[in-house]
Amino acid sequence: MKSNLILLRYGELALKGKNKSEFEDRLVQNIRQKLSGFPGVAVSKAHGRIFVELNDQEMDPIIRELSEVFGLVGFSPAIRIRSELGEIQKAALELVEQSSGIRTFKVISKRADKKFPIGSQELNHRVGGYILSRCPKVKVDVHHPDLSVHVEVRGTYSYVYGNDIPGPGGLPVGSSGRVMLLLSGGIDSPVAGYMALKRGVELQAIHFHSYPFTSERAKQKVIDLAQILTRFGGRIRLYVVPFTEIQTEINKHCYESYSITVMRRMMFRISEELAKRNQALALVTGESLGQVASQTLESMNAINEVVRIPVLRPLIGMDKHEIMTVAKKIGTYETSILPYEDCCTVFLPKAPKTKPDREVAAKQEARLELERLIQEAVEGTEVIDLEPGQKEDEFSYF
Amino acid sequence: MIYLDNSATTPMHPEVIDVMTDVMKKIFGNPSSLHGLGAKAERLVEQARQVTARMLGCTPQEIFFTSGGTEANNLAIKGTLDRIHGRGKHIITTKVEHPSVYEVYEQLKKRGWRVTYLSVDSLGRVNPDEVEKAVDDETVLVSVMHVNNEVGTIQPIGEIGKRLAKYPKVLFHVDAVQSFAKLPLLPARAHIDLLSISAHKIHGPKGIGALYVRKNLSLEPLLVGGGQEKGLRSGTEYVPGIAGLAKAIVLAEQKRTEFLRNSQRWKKAFLERLDGKLSPMIVNGDISPEGCAPYILSLSFPGIKSEVLVHALEEEGIYVSSKSACSSKAEIPSRVLKAMGRTDEEAIGSIRISMGFQTTAEEMERCADVLLRVIPRLQKVMKVHKG
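What you see is a predicted model; the values in this text were computed from it and never measured. (Residues numbered from 1 in each chain as written. Chains lettered and ligands numbered in written order. Predicted model: local features only at pLDDT ≥ 70, side-chain atom pairs only at ≥ 80, totals over all residues.)

1. Comments concerning the environment of Ala347 of chain B
Residues and elements named next belong to chain B.
- The residue Ala347 is located in helix 10 (residues 344-348) in this model.
- Between the C-alpha atom of Ala347 and that of Asn284, which follows or precedes it by 63 residues, the distance is 9.6 Å.
- Non-local contacts of Ala347, meaning those with residues more than four positions away in its chain, are made with Pro333, Ser334, Leu337, Lys338 and Arg342. (Helix = DSSP H or I, 4+ residues; strand = E, 2+ residues; numbered from the N terminus. Contact = placed C-beta atoms within 7 Å.)

2. Observations concerning the interface of chain A and chain B
- Listed as interface residues are nine residues of chain A and, on the opposing side, 13 residues of chain B.
- Of the residues assigned to the side of chain A that touches chain B, the class counts are three nonpolar, one polar and five charged. (Nonpolar A, V, L, I, M, F, W, Y, C, P; charged D, E, K, R; others polar.)

3. Observations regarding the environment of Glu346 of chain B
Residue and element names in this part refer to chain B.
- Residue position: Glu346 is located in helix 10.
- On the basis of neighbour counts, which here come to 21 C-beta atoms within 10 Å, the residue Glu346 falls in the buried class.
- Along the sequence, Glu346 and Ala181 sit 165 residues apart, while their C-alpha atoms lie 32 Å from each other. (Buried ≥ 20, exposed ≤ 12 C-beta atoms within 10 Å, placed from the backbone.)

4. Side note on helix 8 (residues 306-315) of chain B
Residue and element names in this part refer to chain B.
- When helix 8 is considered as a whole, its buried residues turn out to be Ser306, Leu309 and Leu313. An end-on view of helix 8 places all buried positions within 55° of arc, on one side of the element. Exposed side of helix 8, more than 90 degrees from the buried face: His311, Glu314 and Glu315 are the residues found there.
- For helix 8, the secondary structure elements touched by its buried residues are strand 11 (318-319), helix 10, strand 12 (350-354) and helix 11 (361-381).
- Just past helix 8, the residue Gly317 takes up positive phi, approximately 80°. (Arc of directions from axis to C-beta.)

5. Quick look at the nonpolar core
- Ranked by size, the top nonpolar core spans 106 residues in total, and within it Leu211, Tyr212, Ile242, Ala243, Ala246 and Ile249 of chain B carry the most contacts.
- The element contributing the most residues to this core is helix 7 (residues 239-274) of chain B, with 11 residues.
- Built from parts of two domains, this core gets at least three residues from each of domain 1 (2-7 + 255-381) and domain 2 (14-249) of chain B.
- Val96, Ile131, Ile236 and Ile303 of chain A belong to the second-largest nonpolar core, a separate cluster that totals 94 residues. (Core = buried A, V, L, I, M, F, W, Y, C linked by C-beta atoms within 7 Å. Domains from an automatic or database assignment.)

6. A short note on the UniProt feature "binding site: ATP" (unreviewed entry) in chain A
Residue and element names in this part refer to chain A.
- As annotated in UniProt, the feature "binding site: ATP" (unreviewed entry) corresponds to Leu182, Leu183, His207, Phe208, Arg264, Gly286 and Gln295 in the numbering used here.
- Structurally, the position occupied by Leu182 is in strand 10 (residues 178-182).
- The residues touching Leu182, leaving out its near neighbours within four places in the chain, are Ser189, Ile206, Met267, Ser271, Leu283 and Thr285.
- Among the secondary structure elements, Arg264 is positioned in helix 8 (residues 259-277).
- By C-beta crowding, Arg264 is classed as buried, having 24 other C-beta atoms within 10 Å. (UniProt positions renumbered as here; feature names shortened; annotations may be inferred.)

7. Observations regarding the packing of helix 8 of chain A against helix 9 (residues 297-304) of chain A
Residue and element names in this part refer to chain A.
- In contact at an axis separation of 8 Å, helix 8 and helix 9 are set at 45° when each is read in the N-to-C sense. Relative to helix 9, the element helix 8 lies oblique. Our pair here, helix 8 against helix 9, has a crossing hand that is right-handed. Taken together, the residues of helix 9 that come into contact with helix 8 (itself represented by Thr261, Arg264, Arg265 and Phe268) are Ser299, Ala302 and Ile303.
- Here the residues of the contact of helix 8 with helix 9 sort into three nonpolar, two polar and two charged. (Axes fitted to C-alpha atoms, helices over the stretch in contact; angles between N-to-C directions. Parallel < 35°, antiparallel > 145°, perpendicular 65-115°, else oblique. Left-handed = near helix turned anticlockwise from the far one by under 90°.)

8. Some thoughts on helix 9 of chain A
Residues and elements named next belong to chain A.
- Residues Ser299, Ala302 and Ile303 constitute the buried set of helix 9. All buried residues of helix 9 lie within an arc of 95° about the axis, which places them on one face of the element.
- Considering only its buried residues, helix 9 is in contact with helix 8 and helix 13 (358-365).

9. Notes on the UniProt feature "domain: THUMP" (unreviewed entry) in chain A
- When the UniProt feature table is mapped onto this chain numbering, "domain: THUMP" (unreviewed entry) sits at residues 60-164 of chain A.
- Secondary structure over residues 60-164 of chain A splits into 34% helix and 32% strand, and the C-alpha atoms at its two ends are 15 Å apart.

10. Concerning the sheet that holds strand 10 (residues 296-300) of chain B
All names here are of chain B.
- One open sheet holds the three strands; their spatial order is 9-10-12, and the pairing between them is antiparallel. Each edge of the open sheet is held by one strand with a lone partner, namely strand 9 (282-284) and strand 12. Put simply, the sheet's adjacent strands are angled 30° from each other on average, direction ignored.
- Across five bridges, strand 10 lies against strand 12 in antiparallel orientation. Bridging from a neighbouring strand, Leu299 pairs with Ile351 of strand 12. (Pairing = 2+ DSSP bridges.)

11. What to know about the sheet that holds strand 4 (residues 114-118) of chain B
All names here are of chain B.
- Strand order in the open sheet formed by seven strands is 2-8-7-6-5-3-4, with mixed pairing between adjacent strands. At either end of the open sheet lies a strand with only one pairing partner, and these are strand 2 (63-66) and strand 4. Ignoring strand direction, the axes of neighbouring strands in this sheet form an average angle of 20°.

12. Some thoughts on the packing of helix 8 of chain A against helix 14 (residues 370-379) of chain A
All names here are of chain A.
- Where helix 8 meets helix 14, the axes come as close as 10 Å, and the angle between the chain directions of the two elements is 50°. When the axes of helix 8 and helix 14 are compared, the pair comes out oblique. When you trace helix 8 past helix 14, the crossing you get is right-handed. Within the contact between the two elements, helix 8 uses Arg269, Ile270, Glu273 and Leu274 and helix 14 uses Ile374, Ala377 and Val378.
- In the contact of helix 8 with helix 14, the residues fall into five nonpolar, no polar and two charged.

See the structure below:
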C-alpha cells in the first residue's frame, strides 16, 4: 500500500474569522499554482486540512515543490483507506515496516466520526497491538517514539500517516501586500527577498543597470536571481532602471568619498517613486548592520532620510554566514557569486565615508539636477515579467 | 548497410547535425569573451547544461563538460585522488570496467595506490556484498560502471550506492556512458558522487561528454588554463559539440521508451530465431529484461575468431563489433569475458551486436538470418566440433 495523498498542515492558530479563510484560500491557490505542472494532482481543503491527491504522480518531486510554498508548516505522506478496523491496522503496520531504522512507536488515533464503533483509546490499543504482534522488533514508547502513527477516522474514509516533514512556515505569498526589493547581483538581496516573501508579501524587484559600466551579463544574472525567487514568490515583476547617467553625474560632481551615499540616496528616491506608481507599500533591501561602509547606522540615516516609505531590512539580525547558508538553501548562491561588476562596485571609491554626514550628502547632491535625473530614470525603466516554472529558453535548438 | 555497432558509436541524428551546423555558423563567439557574441555563446552553453542536468535530475552546477567519456572518467578518478593527499591509499573497481576506467586504475596502481579489482559472476555482475566487504579504513574511491559495454549487463548501482552511503569518506564513481539517456539512472537517488557520460553513444557528436560532480564536492583539474567550467576543465568550450549533446539528449528523451521496448522484443526474437541452431554458441551476459541493457547482445562462437566473424558479416553488409571497439584491434581474449569465466577460445570468438535508435526489426531479422547462414559454414571450415 503506497501513500496516495499528502496531508498538509498550516499555521492557522493565530488567525480567526475572515482572515483565516482568506489565508486558506490564498494558500490553496498558491499550492495549485505550484503543482500545475503535475497532471492529475488534485488539491482540496477539508476539516482544517489541505490534501494533495497524487493520482499516480511521484511523491518526492511534489514534496519538493511544496517545501517552497510559504504558509505550510508541515506535510505527511498519508494513506487513505476505508474506515474499517482491518484496513486501518494493515495500513498502520505497513507504515511501521516501511519506516527504516525505527525502534519505538506510538499510535495516536482521532475519531472525528463518532459513528465509528471503536473509541480513540480503544483504537490505539487495537492498532498498536496489531503492529506489536506482527513486528517484534519495535516497541511502544508513548513519550518519545521514533515514529508516531497517526490514525484519523473521518466518515467513509480514514487516514494513516507518520511523522511530520517540516514545511517552510511563514505566510502565504500575496496575503500581506506588495513590496519592492532592491535587487543587486550580490548574495544578500535575493535572501532579503526570500525572507520578505516568507512573511507573505507579493514581490516586485528593482535593479539599477549602468551599461556599459556594468555588462549585459550582470543584468542577466539579476534576471536569473529574480527567476529563482519566483519558485517561492510566484510571478515577479522586475524593473531595470537605467542608471548610467546618474552614476556619471555623481562621479563628475560629488566628493568621491560621498559617491556611495549619494548613489544610494538616488536609488531610494527612484525606488520610492516606482513603489508609488505600482502600489507597493514598502522597500526591501539586503542591508545588514555594520557590514560595509554603506551599512553603518550613520550611513543608513543619511540614505534613509530621503524617503518616507518604510524600508524593510529582513537581514538585520543575520550574520554573513547565516545569509550564505540561506542563499545556498534557496539556490541563489551559485548565481550570486558569478563575478560580474555591479553598479555598487564599479565606481567604488578608494576611501568611502563610513560615517557620512547627512548635511554634507545633501549639499553634494544639490549639484545634481535631481528631479530631471530621477524622472528620466523612472521613465526609462524596462519592465521584465518573470513567471514561475521553466524559464523561457532563448535558443529553440533543444 | 545494417549498422549494429551502436555501442561503439552511433550515426549522428540529422537534427543534431542541423543544430551543430547552425551553431557553427551563427554562434561562434568564445563564451569567455565579455562582449555580446561571447555572452550569447555562454548562454547557449548554459542552456545546454540545463538540458543535460534535467536528464540526470541534478542541478546545472553539477554538470561539467569534457571531451568525452574517457576524459570524464579520468577526471573523476584522478581529480578525486589528487585532492586526497595521503588521506587513504585504497581504491576499488571491477574487473569488467571500460579501459578508460580500468587503465586509470592500472596507472594508479603503478603510482602506489592499493587497488582492489572486484570479480564478477558468470553474467558479468558484481555483488554489492563484495563491494562493501572490500571497503576498509583507507578506501577513498569506488568505480563501477552502470552498463557493461561488451555484454550489456546492468550493475546493481542503486544497491551499491546504498551500501557505500554508509561510508562518507568513500566516493562513488559510475561510468554511465553505455546507459546515459537510455536507461534511467539518477545520481542523487543512487548516492552517486561522480558520473560520466558521452554524446556519441546517443547519436550525438564525438568529442563531447560530461562529468556529473555532486554538489559540494571538489576535484583537482586535469587541465588547467583559462579556468573554464569553474576551473575544473580549462579550454575553450566546444560550443557546437555541447549544443549537439543537448540536442541528442532531447531526442533520446523522446525516443527511449519505444527504443527500449522494441530492442527488448527484437533481442528476444533474435535469440529465438537462433535457438539451438548454431551450437556451439554462448550468449554472454545477462539477458533477462531487468538485468541487461536490451540494446546490447554478446554472442560467442568458440573456434571462430571474432575478427573473422566481423569480416564475414561485413561482406553481407552488416556491421557488428568484436568486443569493445577500443580493444578490438588487439589479438587478446576479452578481459571482460575472461572475468566472467569464459575460456580463451570462447572469449576470442565473441561478437557484439548493439542497436541504436535507427535500428529496425527487419535489420535484426536479417542479421539473424545471415548468422544462420554464415556461422555453420565457418564452423565447418574451422572444423568446430558441433555441440
